[in-house]
Amino acid sequence: AYAVEGGANGSENFAVHFGYLDDSGMGMQNELIYFEFDDGVARVIDHMWVTNTTSVYNQLQAAGFGSTYVLSDESTFKIVAYGYDSLDEDAEPVASTEFYLLEKSKKFVTEWTKWDLSSLGEVVKVAFNLEGSEDMVGDYGLSVPGYFAYDDVAVRF
């Protein structure tokens, strides 16, 4: 995680998500990376703590160095969470919500930040994608490393 030692709220560890899907056909994933409730019971995911990884932050800060973009005041990089009410392979998301790791005016997330996921409602699966503004997408897709760090996923039982 960028600029912090350990996980959110003083924990000793955290998870790093890798992967995204886009329309380039050059991605490493065939489907979005997700986590699910194996018992098939829908639950509300209240929140999780997220932050940029060092790799993403450094790449964005050094925009133009080995990349196809230069950040502008309109550049954005975000996580999109998709909630599903079914574990069926062909299920469509029932809701989505976004979290910006880089907001317009070059405002970066540099510390653990609480992301409210309750708007997804009761879900059995949540999948994540990373999306950059048009200036971060080239012929080979997203030009930013497809990572974010997360910790302390809180679920309502």
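Because the structure is predicted, anything quoted here is derived from the model rather than measured.

Chemist: Would you mind going over the overall build of the protein chain with me for this structure?
Modeler: The helix and strand inventory of the protein chain stands at one helix and 12 strands. Walking the protein chain from its N terminus toward its C terminus, one meets helices and strands in the order β-β-β-α-β-β-β-β-β-β-β-β-β. For 157 residues, the compact-globule formula gives about 15 Å, and the C-alpha radius of gyration of the protein chain, at 16 Å, lands near that figure. Along the first, second and third principal axes, the C-alpha atoms of the protein chain reach 45 × 40 × 25 Å. Across the 157 residues in the protein chain, those meeting the buried criterion constitute 42%. Of all intrachain contacts in the protein chain linking residues separated by at least 6 positions in sequence, the fraction that spans at least 24 positions is 76%.

Chemist: Would you explain the side chain of D151 in this entry?
Modeler: As for its position among the elements, D151 is in strand β12 (residues 147-156). Notably, D151 is buried but unbridged: the nearest opposite-charge side chain belongs to K114, and the N-O separation is 14 Å. Setting aside residues no more than four positions away along its own chain, D151 makes contact with G7, A8, S11, N13, F14, M48, W49 and W112.

Chemist: Is there a simple way to think about the nonpolar core in this case?
Modeler: Nonpolar side chains in soluble globular proteins generally cluster together in the buried interior. By size, the foremost hydrophobic cluster in this structure holds 29 residues, and its most contacted members are L60, F77, I79, W115 and F148. The next biggest cluster of nonpolar side chains, apart from the first, holds six residues, and it includes L32, V80, A91 and A127.

Chemist: Is there a simple way to think about the pairing of strand β5 (residues 95-103) in this case?
Modeler: In summary, the side chains of a regular strand alternate between the two faces of the sheet. Where strand β4 (residues 77-84) meets β5, seven bridges bridge the pair, whose relative direction is antiparallel. Of the residues in β5, the one forming a bridge with K78 is Y100. Judged from the two bridges that link them, β5 and strand β6 (residues 107-108) form a sheet pairing that is antiparallel. Directly across from L102, in β6, lies its bridge partner F108. Between β5 and β6, which pair antiparallel one after the other, the connecting turn spans three residues, and S105 there sits at a positive phi close to 70°.

Chemist: Any chance you could explain the environment of L130 here in plain terms?
Modeler: Looking at the element boundaries, L130 is found in strand β9 (residues 125-132). Taking relative accessible area as the criterion, L130 reaches 2% and is therefore assigned buried. With 128 residues separating them in the primary sequence, L130 and Y2 have C-alpha atoms 17 Å apart. The residues touching L130, leaving out its near neighbours within four places in the chain, are H17, G19, Y20, F77, K78, I79, L101, L142, G146, Y147 and F148.

What counts and what doesn't
Residues numbered from 1 in each chain as written. Predicted model: local features only at pLDDT ≥ 70, side-chain atom pairs only at ≥ 80, totals over all residues. Heavy atoms only, no water. Helix = DSSP H or I, 4+ residues; strand = E, 2+ residues; numbered from the N terminus. Rg over C-alpha atoms; globule rule 2.2 N^0.38 Å. Buried < 20%, exposed > 50% of the residue type's maximum accessible area, 1.4 Å probe, protein only. Contact = heavy atoms within 4.5 Å. Lys, Arg positive; Asp, Glu negative; His and termini not counted. Salt bridge = Lys/Arg side-chain N within 4 Å of Asp/Glu carboxyl O. Core = buried A, V, L, I, M, F, W, Y, C linked by side-chain atoms within 4.5 Å. Pairing = 2+ DSSP bridges.

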